[in-house]
Amino acid sequence: MVTRVLVTGAAGRIGRAVLALLAERSVEANALVLEDPGDLPARLVVAGDAADATAVRAALAGADGVIHLAAIPTPERTPAQELFAVNTLATFTVLEEAGLAGVRQAAVASSWGITGLPWTADPSPHPAYVPVDEAMPSQVADPYGLSKQVDELTAAAMARRHGMSVVCLRYPFVGGFDERLRTHAARLTAEPAAGARDLWTYLEVRDAARAALLALGVPGPGAHSVHVCAPETLVPFPTEELLRRYHPATPLLRPLPGRAAPVDTTAAERLFGFTAEHLLDE
């Protein structure tokens, strides 16, 4: 088990949850952030860019695990070239420097965006089948989703290059219940079409943090990409009814009773024992 973890993007939503979980588990933490907010529960805080090798080297001091979360999270407000360059170079730099420093356990934030569904120019995109799994062909046509595809390829290369274990976590919409999940659920309940690109999925931020920490326990070398989400959707409608209405031509590979999430998360459960524990209605 790792004893000190570098968390990049540590001041962000998932980053803060990871730091809290590490503290709860008595695992030391280093933090890499663009600007130090002054309140991070980390033994070492380095202010710098995850694409800057010097900053990453400093932040890796004493670490034997890395959780890489730093990234531009959506394509709406950043020029395409900048977003792609920032995200992909940061992932390459963090994993390269980690490997050179002898770190052999890493987890990387990938995204549901790798499917291409959230930001494709297609006005009504549909998954090739449901439940969606890691083998489903991507429809990526946006710079963010493309950057996550490259990140996963980088993870595979670094696993070979340095003998690392690298797990890429395909996160859906993540948040705290009171912070934004309840508001998001109310919006999608009133307007289910707004959730069709994301298949109405979510993950509570504490589960997002726990998935990242569990992923550091996967033995290497090797690279893995897995979907993680809550086992049920955010909306109070039967999943198969939603699929018939908003994705009528998408094949259903197995029954999805009740509000079952139309995403197959068995790979994460099999690989590192992850199932979501924090559900909206509990």
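Our structure is the block above this text.
Report on the accompanying structure. This one's a predicted model, so the numbers in the text were calculated from it and none came from an experiment. (Residues numbered from 1 in each chain as written. Predicted model: local features only at pLDDT ≥ 70, side-chain atom pairs only at ≥ 80, totals over all residues. Heavy atoms only, no water.)

What follows concerns helix α6 (residues 205-215). The buried count for α6 comes to 9 of 11 residues, which makes it a mostly enclosed element. For α6, the complete set of buried residues consists of V205, D207, A208, A209, R210, A211, A212, L213 and A215. Among the residues of α6, the N-terminal cap falls to E204, whose side-chain oxygen and the backbone nitrogen of R206 are separated by 2.7 Å. (Buried < 20%, exposed > 50% of the residue type's maximum accessible area, 1.4 Å probe, protein only. Helix = DSSP H or I, 4+ residues; strand = E, 2+ residues; numbered from the N terminus. Polar contact = N/O pair within 3.5 Å; in protein donor to acceptor, adjacent residues only side chain to side chain.)

Turning our attention to the pairing of strand β1 (residues 4-8). A large share of β1 lies buried, amounting to 5 of its 5 residues. The pairing of β1 with strand β2 (residues 28-33) spans 5 bridges and is parallel. Bridge pairing in β2 links R4 to E28. What joins β1 to β2 is helix α1 (residues 13-24), and the crossover it makes is right-handed. Strand direction decides the pairing type here: β1 and strand β4 (residues 65-68), joined by 4 bridges, are parallel. (Pairing = 2+ DSSP bridges. Right-handed = clockwise from strand over helix to strand, strands pointing away.)

Another point: the state of the cysteines. A covalent bond bridging the sulfur atoms of two cysteines is what the word disulfide describes. Under the counting rule described, the total for this entry stands at 0 disulfides. Free cysteine C168: the closest other cysteine sulfur is in C229, separated by 17 Å. By relative accessible area, C168 is classed as buried at 1%. Residue C229 is classed as buried on the basis of its relative accessible area, which comes to 6%. (Disulfide = S-S within 2.5 Å.)

A few words on helix α4 (residues 143-162). Compared with an ideal rise of 1.5 Å per residue, which puts 20 residues at 28 Å, α4 spans 27 Å between its outermost C-alpha atoms and is within 8% of the ideal. Within the sequence span of α4, burial applies to Y144, G145, S147, K148, D151, E152, T154, A155, A156, M158, A159 and H162. Buried-residue contacts for α4 involve α3 (80-100), β5 (105-111), β6 (165-171) and β9 (222-227). The backbone nitrogen of Y144 lies 3.0 Å from a side-chain oxygen of the residue at the head of α4, namely D142. Phi for G163, located one or two positions after α4, is positive at around 65 degrees. (Expected span 1.5 Å × (residues − 1). Contact = heavy atoms within 4.5 Å.)

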